[in-house]
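Descriptive structure summary
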Amino acid sequence: MDEPTLRRVSLVIPVYRGEDTLPTLIGEIAPLTCEQTTPNGNRFVICEVLLVHDCGPDRSDETIECLSVDHAFVRPVWLSRNYGQHAATMAGMASATGDWVATIDEDGQQDPVDIGRMLDMALAESLQLVYARPTNPPPHGWLRNFLSRTAKAITAKVLGDSRMGRFNSFRLVDGEIARTLAAYCGNGVYLDVGLFWITARIGHVPVKLRKEMGRLSGYSYIRLLGHFWHLILTTGTRPLRLITLLGFASVVVSIGIFGYALYGKYYDQTPVQGWASLLIVVSFFSGCILTALGVIAEYMAVTMTIAMGKPLYVVGTRPTRPAARR
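As a starting point, this report considers the structure included with it. (Residues numbered from 1 in each chain as written. Predicted model: local features only at pLDDT ≥ 70, side-chain atom pairs only at ≥ 80, totals over all residues. Heavy atoms only, no water.)

1. Observations regarding the packing of helix H6 (residues 175-184) against helix H7 (residues 191-198)
So the rule is basically this: Between N-to-C directions, angles span 0 to 180 degrees; the directions come from axes that are lines fitted to C-alpha atoms, helices contributing only their stretch in contact. The secondary structure listing takes helices from DSSP runs of H or I that are at least 4 residues long and strands from runs of E that are at least 2 residues long, numbered from the N terminus. Angle categories: roughly parallel below 35 degrees, roughly antiparallel above 145, roughly perpendicular from 65 to 115, and oblique for all the rest. Crossings are sorted by hand: turned counterclockwise from the far helix by less than a right angle, the near helix makes the crossing left-handed, and turned clockwise it makes it right-handed. When checking whether two residues touch, look at their non-hydrogen atoms; a contact exists if any pair is within 4.5 Å. By the convention adopted, Pro, Cys, Tyr, Trp, Phe, Met, Ile, Leu, Val and Ala count as nonpolar, Lys, Arg, Asp and Glu as charged, and the other residues, Gly among them, as polar.
The interhelical angle for the contact between H6 and H7, taken along N-to-C directions, is 120°, at an axis separation of 10 Å. In terms of their interaxial angle, H6 and H7 are classed as oblique. Seen along the crossing, H6 lies across H7 with a hand that is right-handed. Contact residues: H6 offers Ile 177, Leu 181 and Tyr 184, while H7 offers Leu 191, Gly 194, Leu 195, Trp 197 and Ile 198. Here the residues of the contact of H6 with H7 sort into 7 nonpolar, 1 polar and no charged.

2. A look at helix H3 (residues 85-95)
Our working definition: We call a residue buried when its accessible area falls under 20% of the maximum for its residue type, exposed when it is over 50%, and partly exposed in between, using a 1.4 Å probe and counting protein chains only.
Most of H3 is tucked away: 8 of the 11 residues are buried. For H3, the set of buried residues is His 86, Ala 87, Ala 88, Thr 89, Met 90, Ala 91, Gly 92 and Met 93.

3. Structural notes on a nonpolar patch on the surface
Inclusion rule: Exposure above 30% relative accessible area and no salt bridge define the residues that can form patches, which grow by joining like charges within 9 Å and nonpolar side chains of Val, Leu, Ile, Met, Phe, Trp and Tyr within 5 Å. Note on areas: Shrake-Rupley, 1.4 Å probe, and residue coverage restricted to the protein chains presented here. Just to be clear on terms, a salt bridge is a Lys or Arg side-chain nitrogen sitting within 4 Å of an Asp or Glu carboxyl oxygen.
Nonpolar side chains collect at one region of the surface, where Phe 258, Leu 262, Tyr 263, Tyr 266 and Tyr 267 lie side by side and expose about 630 Å² of accessible area between them. Turning to its location among the elements, Tyr 263 is positioned in helix H9 (residues 238-266). Taking relative accessible area as the criterion, Tyr 263 reaches 45% and is therefore assigned partly exposed.

4. Some thoughts on the pairing of strand E3 (residues 43-53)
Our working rule: Any two strands with at least two DSSP-identified bridges between them are counted as paired.
Burial within E3 is extensive, with 10 of its 11 residues counted as buried. As paired strands, strand E1 (residues 6-15) and E3 are joined by 10 bridges and run parallel to one another. Paired with Leu 11 across the two strands is Val 49, which belongs to E3. As defined by bridge partners, strand E2 (residues 36-37) adjoins E3 across 2 bridges and the pair is classed as antiparallel. Among the inter-strand pairings, Gln 36 is bridged to a residue of E3, identified as Phe 44. Linking E2 to E3, which pair antiparallel, is a turn of 5 residues; within it Gly 41 sits at a positive phi near 90°. One ladder, built from 5 bridges, connects E3 with strand E4 (residues 74-79); its direction is parallel.

Worth remembering: the numbers are spatial, not functional.
The structure is reproduced here in structure tokens:
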């Protein structure tokens, strides 16, 4: 019987505020850089760890430099400024060389050992993309967890695919798909939306999240709201179709009001107060028009950004360091 093929896995970690957490996380990953066997008997090895420096406020750059000296498998990727987690992740994907590309957060919530189980599912079911599915709530507090679940549910409805509501930053992607996505996916495209565009076979592996390693989240509620709005805009044209339906419904309602007013005036002899009804109708339909124009303007802004060729990220040869501590 032939020996199972050794699968090479590239691990991409976007780094924003990882000065204190990266050494521990890399220490957990180090044993996986030697040949491992998954629970189902598949051979794999983490061939490289790409630490993408997203120019956060701490001295993560120094930590990355030290780790790259101490560990041959660590490869730094230096961004010229802060572009955000998804852009940093795609920058790492573009530089990855493995048969598979795994992405993981820097805060230690996700256990790198679970990559073996994700690989088992991908190989057993011929999947192109495998997401981790947490079995316990993330350690962010009930309000943020509730808002996160609500946002993902809305996204799944807008995109028309229930799988979209179960995306996660801990994912395993076929290497060719990851590099192809990173090559063509421009500014304004949400990473997971892009993955759903080009993958058909997607799975989810249950995993248990751990507590964060004492690192505060880099996302405020305002930034998370902007993140959600950007996700909605890049899911496709369904929001525009909702606006079209709203306009059609508005026409139907206006015809109904017109018919009711005529009926009351000529059959029930009911006096119609013109100024009150006029104020309500004008306010309602003006609000609909302004809402439609606002959504269209947002789409035009995203389209123009893509058409102008604004770069999603720029990789340099040396780190962009934060201001010196006082």
